[in-house]
Amino acid sequence: MSGRDALLRGVLYHLQASNVTLSELIKFVIVQNRSNNPGDTFFQDIMTNVQIILSALHLHPATKASAAAWARNLTLTEYSDDVCELTDTSHGWHFGAQQADPVQVRDFRLDDMAGNFEHLAPNLWSLVIALLGGWAEAKKGDSGADGDVDSDQYWEEDIDEEEPNEHPAMASHRSRAMTANSGAENRRRNRWNLLTRIKSVVIISILMHNQDQQCNALQSLTGIFLHSCGAPEKLVKVLSRMGLSIAPTSIQRAIKSMSEHSADDVEDLARTLLASYAFDNLDTKVPSGIPSVDKPQDGLIHITTGTLLRLEHGVTTEDLRCARLLWSRSENNPSPDADPRPFDARATMRRLLTLHREPDLSNGSLTRRGRFRKWCFMRTVLKFGPPAFSRFLAQLADPEVVEAIPVKKLHQVPLRAMDISLSTVSGNIKAVDAMYVQGGVGDPHQNSPTGDTSISDLSEYVTLVHGDLGTYEHILAAIRRRKQERTPHNRLQPVAFVLGLFHLKMAAADAVWRMLVLPDGIRGDYTSFIKLVGKLRPNESSRLVSGAKFRERHDLINHVGVLLQLDAWRVDAVEVKKRWGFATLEEWAASNPKLSDIEEVAEQLALEYAEGDGQDISQWASEGPGNVTGNSSQRRDQVRENTMRTLNYLFLYEELSYAMNAGDIGHVETVFPVWIQLFRAVGKHKYANLMLRFMHALYFIYPEGLRCVVRLPIYCP
């Protein structure tokens, strides 16, 4: 027996002889605050070795059960208090269904909820995270946090930096430019952490809701989401009993309350007169009941949806106070004192061609359109070409800006759906009137000789109405019908149409399809657009000829354009070899070339491989034997000519799409004349005519202030 053991035995014997227990001694020091000064060795030793003491009590067979019971009761109390703390009304997680406000739904953020939980109840948050597996990366071999393939694919798409709907052949170029192992591990770790964070918020929200039924922020948002998706009532009830949603009756009360608040928001915004109106048709098919002779009930329902958009960029009511001026300049005004400015297609086209005119260029220089195409060639080779080129991608500057719209966050308030069909002119008139009624604007003397003070007068102001060109056609017809009406409201004098560019983009994709896919003879050419589509999607090429949706057309136009540009780079490798002595692009990329060298080759490609700057294929065909490609028409490189023309059309679509996404209204206006001519060429004469009418009103009828107002929100739907 060592001397230390003998000493401890003596101490224990002395304590027993003095009838003093260890518990009394510890309570005397800790509870009664005796002999617990910083210089007291016994107190300091207890503070230093708390974990050792508790571990000894937990590990000893005689004290293990009681120590575990004590720890369990303590942790239950602590975590229960944390949940109660989170349910306090001051934290803002109470969602009263009867007082539900759209702002609560719009401002809800799951990240805010997670941050609040982590800050107010860090121990509870850490416990839930640990029970879910912690922040460690996912186990190797697992496809996701719970092995769900669909969930794994969803988060893969959400986190991955690849472009949506990117073709696998192009994605392979991207994957070669990054380290495969590290990229996969990072995505797996991010996916794991995101799922863990979301599940932690859900678990703690269920605990809070069980403590306080009014603490139901997440449950309310889930219930409203289920309502918007048309989820079955049985599913809502099941999720409600699980604590993941509120009850169906509460959902209905919340929807009713938010509808009332939304109606007030619509009136508040509309009465400022600084708002524009957008509406579109919504056709839905519902199961029909028993048909009859009077009501066949095919199940197809035509309704109209709309929204109110706040005008930004410093627009004032004085900019819109020009309804009388527009009526005096209208060709529909029968008054002898009017100053009509009738539609002139030629004058409008000449005006479009002179907008944003470029300075005179020297021979061999690229125009603005050519410079954009050079940028496209560079972006394609840096993004999808040899991996060594990818280091220059961050140095590639954006194309030049012609006239960009300042970026502003769009504020909109949805309107109530209207039981109106937009297939007729009268339906469009009813839709405009119904939107005015919801906004509390119009003619206050329409139904009251003394004037209805609850209606804001629009007789002197212009309201912007967004829509596609079909809507524009109906509005023009409605104005012609009502030109004899006496009041400005009845003759739709306040209405000024704003072209929706998304519909223009859809029309452009359809025009490309009519030029490159639908003609019968074009599909026999092995270099045609549709043949390349067949290479990309071999199992769908037949369906895509006549049944492609807009998104499919958009993706295929971009993908084929990239392939043709890469092929141009491949063909031009001969030029690279001539200049720098490399046989392939890969060898040239490995030699660490300068970005200016790549730009020089891209400029040459823009000049030689797309119809446009310096290349007129129609002139080649008309010149016959004296054309630039040979001494006789038999020697013309028709494959190259067809490819150049195809690439020209694809570049025009890419230019329109890029200018829209960049918010460059000036750049968009520079491509209008080309697309108007293309629409006419493919038989979309009505679309071309309405585009010209819109631009005629914009530059020949509208005053300067209104013209600026109309051009600013032109990117709305």
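About the criteria used
- Residues numbered from 1 in each chain as written.
- Predicted model: local features only at pLDDT ≥ 70, side-chain atom pairs only at ≥ 80, totals over all residues.
- Heavy atoms only, no water.
- Phe/Tyr/Trp six-rings, centres within 6.5 Å; stacked < 30°, edge-to-face > 60°.
- Helix = DSSP H or I, 4+ residues; strand = E, 2+ residues; numbered from the N terminus.
- Lys NZ or Arg CZ within 6 Å of the ring centre and 35° of its normal.
- Buried < 20%, exposed > 50% of the residue type's maximum accessible area, 1.4 Å probe, protein only.
- Pairing = 2+ DSSP bridges.
- Axes fitted to C-alpha atoms, helices over the stretch in contact; angles between N-to-C directions.
- Core = buried A, V, L, I, M, F, W, Y, C linked by side-chain atoms within 4.5 Å.
- Contact = heavy atoms within 4.5 Å.
- Expected span 1.5 Å × (residues − 1).
- Parallel < 35°, antiparallel > 145°, perpendicular 65-115°, else oblique.
- Nonpolar A, V, L, I, M, F, W, Y, C, P; charged D, E, K, R; others polar.
- Right-handed = clockwise from strand over helix to strand, strands pointing away.

Colleague: Now, about the packing of aromatic side chains: what can you tell me, with residues and values included?
Modeller: In this structure the tally under the stated criterion is 14 aromatic pairs. Ring geometry for Trp93 versus Phe117: centroids 6.2 Å apart, planes at 65°, classification edge-to-face. Here the residue Trp93 occupies a position in the loop between helix H5 (64-86) and helix H6 (102-107), and Phe117 occupies one in helix H7 (residues 110-120), the gap between them amounting to 24 residues. Aromatic ring contacts, followed pair by pair, group Phe372, Trp375 and Tyr658 into a single cluster. Looking at Arg351, its charged tip hangs above the ring of Phe700, at a distance of 6.0 Å from the centre. We note Arg640 situated over the ring of Tyr609; from NZ or CZ to the ring centre the distance is 5.2 Å.

Colleague: Please set out the environment of Ala263 residue by residue, giving values where relevant.
Modeller: When you line up the elements, Ala263 lands in helix H14 (residues 248-270). Note on Ala263: relative accessible area 25%, which makes it partly exposed. Put simply, Ala263 and Gly440 are 177 residues apart on the chain and 10.0 Å apart in space, counted from C-alpha to C-alpha.

Colleague: Which residues make up the sheet that holds strand E1 (residues 275-285), and what values go with them?
Modeller: Strand pairing in a sheet relies on backbone hydrogen bonds. The paired strands run either parallel or antiparallel. Reading across the sheet, the five strands line up as E3-E2-E1-E6-E7 and stay open at both edges, with mixed pairing between neighbours. The strands lining the two open edges of the sheet, one partner per strand, are strand E3 (412-414) and strand E7 (495-499). Taken pair by pair, the neighbouring strands of this sheet meet at an average axis angle of 30°, ignoring direction. Relative to strand E6 (residues 463-467), E1 runs parallel, the two sharing two bridges. Paired with Ala278 across the strands is His466, a residue of E6.

Colleague: Which residues make up the pairing of strand E2 (residues 300-310), and what values go with them?
Modeller: As paired elements, E1 and E2 share 11 bridges and run antiparallel to each other. From the neighbouring strand, Asn281 faces E2, where its bridge partner is Thr304. Relative to E3, E2 is paired through three bridges, and the arrangement is antiparallel. Its bridge partner being in E3, Leu309 is matched across the sheet by Gln412.

Colleague: If you had to explain the nonpolar core to someone new, which residues and values would you point to?
Modeller: Ranked by size, the top nonpolar core spans 131 residues in total, and within it Phe377, Trp569 and Trp675 carry the most contacts. For Phe377, the residues in contact, after removing those within four places along its chain, are Gln565, Ala568, Trp569, Ala602, Leu605, Ala606, Tyr609, Leu647 and Phe651. Counting 31 residues, the second-largest nonpolar core is a separate cluster that includes Phe117, Met208, Ile246 and Ile251.

Colleague: Go over helix H24 (residues 550-571) with me, naming the residues and quoting the values.
Modeller: The terminal C-alpha atoms of H24 lie 31 Å apart, and with 22 residues this matches the ideal 32 Å at 1.5 Å per residue to within 8%. Counting buried residues in H24 gives 16 out of 22 residues, a clear majority hidden from the surface.

Colleague: Summarise the packing of helix H18 (residues 368-384) against H24; cite the residues concerned and give the values.
Modeller: The N-to-C vectors of H18 and H24 enclose an angle of 85°; their axes lie 10 Å apart at closest approach. With respect to each other, H18 and H24 are oriented roughly perpendicular. From H18, Cys376, Phe377, Thr380, Val381 and Phe384 reach across to H24, where they touch Val562, Gln565, Leu566, Ala568 and Trp569. Here the contact of H18 with H24 is built from residues that sort into eight nonpolar, two polar and no charged.

Colleague: Outline the pairing of E6, supporting the account with residue identities and numerical values.
Modeller: Counting buried positions along E6 yields five of five residues, so the element is predominantly enclosed. Because side chains alternate across E6, one face comprises the buried residues Thr463, Val465 and Gly467, and the other comprises Leu464 and His466, equally buried. Looking at chain direction, E6 and E7 are connected through five bridges and run parallel. Opposite Thr463, over in E7, you have Val495 as the bridge partner. Regarding topology, helix H20 (residues 469-481) serves as the crossover connection from E6 to the parallel E7, and that connection is right-handed.

Shape is all these values report; function is a separate question.
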